[in-house]
Amino acid sequence: MPRLEGVAKVDGSVEYIYNLRIPGMLHGKIHRSSVAHGRIVRIDASAALAVEGVHAVITAEDIVKVVPNPYYGPAFHDQPILAIEKVRHVGEPVAVVLASDSHIAEEAADLIAVEYEPLEAVFDEVAAARPGAPVIHDVLKPAGTFTDLQYLGGRSGTNVALDARVRRGDVAKGFAAADQIFEHTFRTGKVIHATFEPIVSLAELNAPNGLTIHTASQSPSFVRMEVSRLLGWPENRVRVRTAFLGGGFGAKLYIKLEALVAVCALLVRKPVRIALTMDEQFYTITKHGATVRIKTGVKKNGRIIAREVETYWNGGAYADIGPRVSQKSGFTSAGPYDIEHVALDNYAVYTNEPPAGALRGFGISQLVWAYERQMDIIARTLGIDPLEIRRRNVLRAGRPHATGTIITGMEIDAVLDRLAERMDWNRAFDRGSGTIRRGRGLAIGLKACISPTTSTAIVHVHGDGSCAVHCGTVDMGQASDTALAQIAAEVLGITTESVRVVHPDTDLTPYDMATLGSRSTYHMGNAVRLAAEDARTQLLRIAGTAFGAEIVELDCRDGAIVSPTGDRLTFRAVMLARFGMQAGTVVGVGAFTPSYTKPDPQTGQSTDVTPFWMLGGAGAEIAVDCETGRIEVTKLVNAADVGSAINPASVERQLTGAAVMQLGFTLFEEMNFSEGQVLNASLADYKIPGLLDVPRDLAAAIVEVPHKNGPFGAKGVGETGVFSPSPAIANALYDAVGVVVTDLPLTPERVLRAIRESENRPLERD
Amino acid sequence: MSATQHRTIGFTLNGRAVSSSVAPHETVIEVLQRDFGLFGARESCGQGLCGCCTVLVDGTAVSGCLYLAAFIDGTNLVTVEGLANQGVLHPIQQAFLARSGFQCGFCTPGFILMTKELLERYPRPTDEQIRHYLSGNLCRCAAYPDIVESVKMAAESLAQPRRHPLPKGRLPSDP
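In every chain, residue numbers begin from 1 and rise along the written sequence. In the order they appear in the text, chains get letters beginning with A and ligands get numbers beginning with 1. Residues qualify for local features only when their pLDDT is at least 70, as the model is predicted, and side-chain atom pairs are given and counted only at 80 or more; totals for whole chains, interfaces and linings, by contrast, use all residues.

**Student:** What should I look at first to understand the environment of B:Ser19 in this one?
**Tutor:** All names here are of chain B. Mapped onto the elements of the fold, Ser19 is located in strand 2 (residues 16-22). C-alpha separation for the pair Ser19 and Asp73, spaced 54 residues apart in sequence, amounts to 8.7 Å. Beyond its immediate sequence surroundings of up to four residues, Ser19 is in contact with Thr8, Ile9 and Gly10. Going along the chain from the N terminus, every DSSP run of H or I of four or more residues is numbered as a helix, and every run of E of two or more is numbered as a strand. In this description, any two residues whose backbone-derived C-beta atoms lie within 7 Å of each other are considered to be in contact.

Put into structure tokens, the structure is as follows:
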């Protein structure tokens, strides 16, 4: 199925918010904090204001005139639109210059002088969580959105924004009964999304009292709610619209620039556009760095009987969605395994680094890195094959997950089988000799789709048989427009090409939680299916009256309603029957919220914690140069249980695309910090995968297990490919040279140090 | 910056003679977007490293985010918008469409123009030539395998004697 927007993408005409210019608009450029933690003593904007062409310089002092309490965020209301009194990370927005020309704005932004009184800063997530660490926020301010965070309100003197736990069985008893106990600490650094379309928003005022925000956003519904709340306006006065996104990966979620451009536009009564440069992205949103302490008790036969995992999530200076990452992914930190005694603790920790949020996988890859790396250490110690030890431990249908939810709709064995087959696991493997050694490894990772969330859709069937789907799902490259059009077309018996998916515009498209967490195919897919079925039922009812037939006897296919005797009524004729003319619209509405049972706050136990489980496995073959530490990934297979694939080519493309992104996070991507300053905030110094980094043998292997509640059996897949490549590659390194690497990324230096240490001739430290 | 000296440049843009008044610091991308409403070449990394801003100047791919507009005076400039011929997509565009050599699409025009330069130099490129030639264009969605397949399909298609032109937006029925 070719993509609906394909022609516009190859001829360059596709619409991005990046392209939008509004007559009379001003360009905003942000002046950012140069210190990681400090009190703002003075802001001197006189030199900036003196630059010809500068329209205004906006600081928090101006913001509070429009928004008295200008703190936003999806989980905590902790992030000021512009810094107030304090800055909490290098790069925090302190002032905005508005000018008719972006170069003038940029020049003037550099001329703003800010004096800071430095405060002690803390960067490491474990150190920041300790009592006595410098406190970054005086008091925790949970947003009203998530009722289970309310208990944190008013807590002070701590950087721990959330502590979430899961308890099952009795780990002390489990460890006492174990034959062997393994304890490790694994770490992952911070990386970034690097979306190619910049993070960009424009705001303009609409007479008589409205505001439109055009924004490259994955969550237009949330933007409207949050900006309305900040302004104290009813939601219907704030219109938020988006277009195709030039990449999202979690960077364009919740509020990024939207509140800032909205307030600037209200202050100067002119349209305002702000687009971030690539280097500014590094100071705006990152993936969480994490420290994972994992303790596992096993029997001699390789059965895991107890596991304790303590994870510290480096959330940076503002919570963004970090507490959700910590909890909703944290509860899977025991892995896709059937373990009797489990204790999981997750701490979302504020530090003086740039804010961390969602990045493709929502925390899962940090956890899989720990439990799958340790799994191979256990396997080798016990003398069990890595594939076999997994088979002995995986969760099977009907068994309880650590949260207590009974596993259904997921076939881990099938994914392992497919991996074994594609890796030719039973074949003898040549590990090489001399300085180039070869190894192979595999890993599997589990995610629970976030819950509870809602999607709503409207389907318009027009008189000519064409159809429009109005929904809030944002197509950021994952081909959602095409998949959703396929679903509507299938229900209505029309071609996919005759369905148009109307892009998110909160004036036109109903509420959708957001395009995140691989939720859209399942949630919005179901909402669109329901809306199309609603429209179909109406069409059948009208035709039934005309035919004098029961609607159960009728069918909707090839753009017409067909009676049991073969009579056909075109959609146009249906309109004539319904409205007395050949024009009109039949409107179908659908809303979908999966069932959910809130976990017990003390034990994390729930009978229904997720609408669907995602299972992603990877197998890797590598060659490692023992003289340089350089790893070449020669083969990477990504297997996943995807439900039923609505568009198999798109599913495979999502899996391999995610795997290559994770390959960058595995081998070389890492933000380097010094006192909170990012040392490599550009694509010149922070390398992302290019064609030469792509493994020669890169494949996706989809395992189709139709999900009983998914639209046509489908479930989400956008993130699955990131779960397992990192430990699969590190396990291959372990297989090749036997070294234990605990930290990502696997840079040549880190690998070479590990090899040399294993040979008792360590390299000197700097 | 406020006292910059503008100068008028003349060049051929997608086959049409045009002129523009540009400041010394302005880049090709800025002029294409501001004066000609062309957004197929896009600025992303701002350092000439990602390839989203690729345009062809006298047949050679350059980074439009770094290349100063003043330098295109008197040249022949081609952007992705100039590839289709009377509404018929160029065979390279058709190949990227048929093989879905894209996801979000932001980097796609750059890849297509770099492929054009590649296939003009090496009409039958090896895998190695494709990988190396396109290594300066980045795709964060990592649609790389499909991009390579698109390039191969385009090479085959261009090597064939031309059949009837296809209307824009239609896929070739027999690739």
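**Student:** Looking at this structure, I do not really get the interface of chain A and chain B. What am I missing?
**Tutor:** Think of interface size as the accessible area that goes away when the parts come together; that is how it is often given. Between chain A and chain B, the residue contacts involve 44 residues of the former and 44 residues of the latter. Considering every element that reaches the side of chain A that touches chain B, the biggest residue donor is helix 17 (residues 648-667) of chain A, with 6 residues. Gly is put with the polar residues, along with every residue not named as nonpolar or charged; the nonpolar set is Ala, Val, Leu, Ile, Met, Phe, Trp, Tyr, Cys and Pro, and the charged set is Asp, Glu, Lys and Arg. Grouping the amino acids of the side of chain A that touches chain B by side-chain chemistry returns 23 nonpolar, 14 polar and 7 charged.

**Student:** Any chance you could explain the environment of A:Leu260 here in plain terms?
**Tutor:** Residue and element names in this part refer to chain A. Relative to the helices and strands, Leu260 resides in helix 8 (residues 258-268). Residue burial is a threshold on neighbouring C-beta atoms within 10 Å of the residue's own C-beta, all placed from the backbone, with 20 or more meaning buried, 12 or fewer meaning exposed, and counts in between meaning partly exposed. Residue Leu260 is classed as buried on the basis of its 24 C-beta neighbours within 10 Å. With sequence-adjacent residues up to four places away left out, Leu260 is seen in contact with Ile81, Val96 and Ile274.

**Student:** So what exactly am I meant to see when it comes to the domain arrangement of chain B here?
**Tutor:** Residues and elements named next belong to chain B. All the domain ranges listed were derived from an automatic or database domain assignment. The assigned domain composition of chain B is domain 1 (7-81) and domain 2 (91-159). Only strand 3 (54-57) and strand 4 (60-63) provide two or more residues apiece to the side of domain 1 that touches domain 2. Top element by residues in the side of domain 1 that touches domain 2 is strand 3. It accounts for 3 residues.

**Student:** Explain the domain arrangement of chain A here, please?
**Tutor:** Residues and elements named next belong to chain A. Each domain of chain A was delimited in the assignment, giving domain 1 (6-120 + 197-277), domain 2 (289-450 + 599-758) and domain 3 (455-592). A separation of 35 Å is found between the C-alpha centroids of domain 1 and domain 2. Counting from both sides, the interface comprises 17 residues of domain 1 and, opposite them, 19 residues of domain 2. Partitioning the side of domain 1 that touches domain 2 into residue classes produces 8 nonpolar, 6 polar and 3 charged.

**Student:** I tried to follow the confidence of the model for chain B on my own but got confused; where do I start?
**Tutor:** In regions of low pLDDT, the predicted coordinates are not meant to be interpreted in detail. Residues and elements named next belong to chain B. On average, residues of chain B score 92 in pLDDT, and 89% of them reach the 70 mark or higher. pLDDT gives the predictor's per-residue confidence on a scale running from 0 to 100. Counted against residues more than four places away or in other chains, residues 169-175, with its pLDDT under 50, gives 9 contacts. Complex prediction metrics read pTM 0.96 and ipTM 0.96.

**Student:** Help me understand the packing of helix 3 (residues 108-121) of chain B against helix 5 (residues 144-159) of chain B, please; the structure alone is not making it clear to me.
**Tutor:** Think of two packed helices as two axes; the pair is described by the angle between the axes and how far apart they sit. Residue and element names in this part refer to chain B. Interaxial distance between helix 3 and helix 5 falls to 11 Å at its minimum, and their mutual angle equals 45°. The orientation of helix 3 relative to helix 5 falls into the category oblique. Helix 3 and helix 5 meet at a crossing whose hand is right-handed. Across the interface between the two elements, Phe111, Thr115 and Leu119 of helix 3 pack against Ile147, Val151, Ala154, Ala155 and Leu158 of helix 5. Taken together, the residues of the contact of helix 3 with helix 5 break down into 7 nonpolar, 1 polar and no charged. Convention adopted: a line fitted to C-alpha atoms gives each axis, helices being fitted over their contacting stretch, and angles between N-to-C directions are expressed from 0 to 180 degrees. Convention used here: angles under 35 degrees read as roughly parallel, angles over 145 as roughly antiparallel, angles from 65 to 115 as roughly perpendicular, and any remaining angle as oblique. Crossings are assigned a handedness: left-handed for a near helix turned anticlockwise from the far helix by less than a right angle, right-handed for a clockwise turn.

**Student:** Is there a simple way to explain the environment of A:Ala535 in this structure?
**Tutor:** Counting through the fold element by element, A:Ala535 comes out in helix 15 (residues 520-547). Distance in space between the C-alpha atoms of A:Ala535 and A:Gly718 is 29 Å, their sequence separation being 183 residues.

**Student:** How should I be thinking about the sheet that holds strand 15 (residues 289-298) of chain A in this particular structure?
**Tutor:** Paired through backbone hydrogen bonds, the strands of a sheet run either parallel or antiparallel to each other. All names here are of chain A. Here a strand pair is declared whenever DSSP counts at least two bridges between the two strands. As summarised here, the arrangement of the 5 strands in space is 9-17-16-15-10, forming an open sheet in which the pairing is mixed. Each edge of the open sheet carries a strand with a single partner, namely strand 9 (160-168) and strand 10 (180-188). Averaged over all adjacent pairs, the angle separating strand axes in this sheet is 5°, with direction ignored. The pairing of strand 9 with strand 17 (residues 341-349) spans 8 bridges and is classified as antiparallel. Counterpart to Arg165 in the pairing with strand 17 is Asp345. Against the sheet, helix 10 (residues 322-329) contacts strand 9, strand 16 (304-314) and strand 17, and its axis sits at roughly 10° relative to strand 9. Across the sheet, helix 11 (residues 364-382) lies against strand 10, strand 15 and strand 16, angled at about 35° from strand 15, the strand it touches most.

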